[in-house]
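So you can see what is in the structure, the chains are spelled out below.
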Amino acid sequence: MYKTLAAFSFTLIASLAALPASASLIGQPIGIGLAVLEVEGGTLQYLGPPPNPLAVTVEEGVTEAPGFVDGFVDVEVEDNVLGALFPGGVVAGGLVTSLDAALGFNNPAFIGLLFLELSWSDGPSEIVGVDMRDTNIAGFGSGNILFDQNNVAFNLAGIDLAPGSFIIADLIVERVGASVPAPGALALMSVGLLLLGGLGRKRRG
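The numbers attached to residues start from 1 for each chain and follow its sequence in the written order. Only residues with pLDDT of at least 70 are given local features in this predicted model, and only at 80 or more are side-chain atom pairs given and counted; all residues enter the totals for whole chains, interfaces and linings. As a rule here, side-chain values cover all heavy atoms of the structure and leave hydrogens and water aside.

Turning to the overall build of the chain, a few remarks are in order. Counting its regular elements, the chain contains four helices and 14 strands. With a 1.4 Å probe rolled over the protein chains alone, any residue whose accessible area is under 20% of its type maximum counts as buried; one over 50% counts as exposed, and the rest are partly exposed. For the chain, buried positions account for 47% of its 205 residues. Only heavy atoms enter the contact rule, under which two residues are in contact if any of them lie within 4.5 Å. The contacts in the chain between residues at least 6 apart in sequence include a share of 76% that link residues at least 24 apart. In the form shown here, the chain has an accessible surface area of approximately 8,800 Å², with 53% of it arising from carbon and sulfur atoms. Secondary structure elements are taken from DSSP: a helix is a run of H or I of four residues or more, a strand is a run of E of two residues or more, and numbering for both begins at the N terminus. Under the convention used here, a 1.4 Å probe and the Shrake-Rupley method define accessible areas, while residue burial counts only the protein chains that appear.

Right, dumping it as C-alpha cells:
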C-alpha cells in the first residue's frame, strides 16, 4: 500500500486560523489522520505508514506535521479554520482522478483527512458547526464535512482532485459546562460513528 501511495503526487496542507484568543487551539494536542472506511459498519483503516494518526501539539506559526504519510501530507494548525491544499492533486497515468480510484478502493463510504480530539486552551468547548468558506473542488460541499464535538473529517470519496485543489472550512465552537470526553481510546470509535451514515454531522444555516 505504501508503494502504491508513493506513486502519486498528493500533498495536503491543512490550516486552522482566527479563533478568538479565549478559545485557541494553540498549545493543545490534536491527532491528524488519513484514512478510509470501505463500507458502513466496517473498520476504519489508516493509510500510509505509522504514526498515523499522528499526535502533535499545535504551535503558532509552525507546520505541525511536515512530511506526514511519507511526504504526502503537510499539516499546519492555526486557530479555528481547517484548510486542505492539494498542490499536485491526485494524478494517475497522467489523468486527474480521485484518491480512492488511485488507490484501488471501490466506492468507499469514506476516504479523506481527519482532525482528531480537538481541544481548546480556555477550557471545555465543543464543535457545534462547520461552515464551508471556500473550495475550488467540483462536487465537494458542506455534506462532505463530518464532525462531532471534537473531531472533523473531510470526505473526498469519488472526488477528482486536480493540482491546486483546496478546501477552507471554519469551525464554530462553543463553551460547555463540563469536560468534553475524548480520551485517545475513544477517538477512533467517535470518528467511526460520525462516519457511519453521517452520524455526528451537523450543518450551520
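To continue, consider the pairing of strand β13 (residues 152-155). The alternating pattern of β13 places V152 and F154 on one face and A153 and N155 on the opposite face, and all of these are buried. Pairing between strand β10 (residues 110-116) and β13: four bridges, direction antiparallel. Directly across from G112, in β13, lies its bridge partner N155. Relative to β13, strand β12 (residues 145-147) runs antiparallel, the two sharing three bridges. Of the residues in β13, the one forming a bridge with L146 is A153. Connecting the antiparallel pair β12 and β13 is a turn made up of four residues. Two strands make a pair as long as DSSP finds a minimum of two bridges between them.

To continue, consider the nonpolar core. Across soluble globular proteins, nonpolar side chains have a tendency to be buried as a group. Membership of the largest hydrophobic core comes to 41 residues, with the highest contact counts inside it found for L118, V152 and F154. Looking at this core element by element, the count peaks at four residues for strand β2 (residues 29-37). For L118, the contacting residues outside a window of four places in its chain are L25, I30, I127, N150, V152 and L171. In terms of nonpolar packing, the next biggest core, distinct from the first, is built from eight residues, A35, L44, F110 and L114 among them. What is meant by a nonpolar core is a set of buried Ala, Val, Leu, Ile, Met, Phe, Trp, Tyr and Cys residues, joined one to another through side-chain atoms within 4.5 Å.

This part takes up the pairing of strand β4 (residues 54-57). Only one face of β4 is covered, namely the one carrying L54 and V56; the face carrying A55 and T57 has none of its residues buried. Across four bridges, the pairing between β2 and β4 is antiparallel. Among the inter-strand pairings, I30 is bridged to a residue of β4, identified as V56.

The pLDDT averaged across the chain works out to 76; a share of 72% of its residues lies at or above 70. A score between 0 and 100, pLDDT records how confident the predictor is in each residue. Mean pLDDT across the elements of the chain bottoms out in strand β1 (residues 12-14) (40) and peaks in strand β9 (residues 95-96) (96). Low confidence marks residues 1-21, where pLDDT is under 50. Its contacts with residues over four positions away, or in another chain, come to 82 contacts. Taken together, the stretch residues 197-205 has pLDDT below 50 and engages in 19 contacts with residues farther than four places along the chain or on a different chain.

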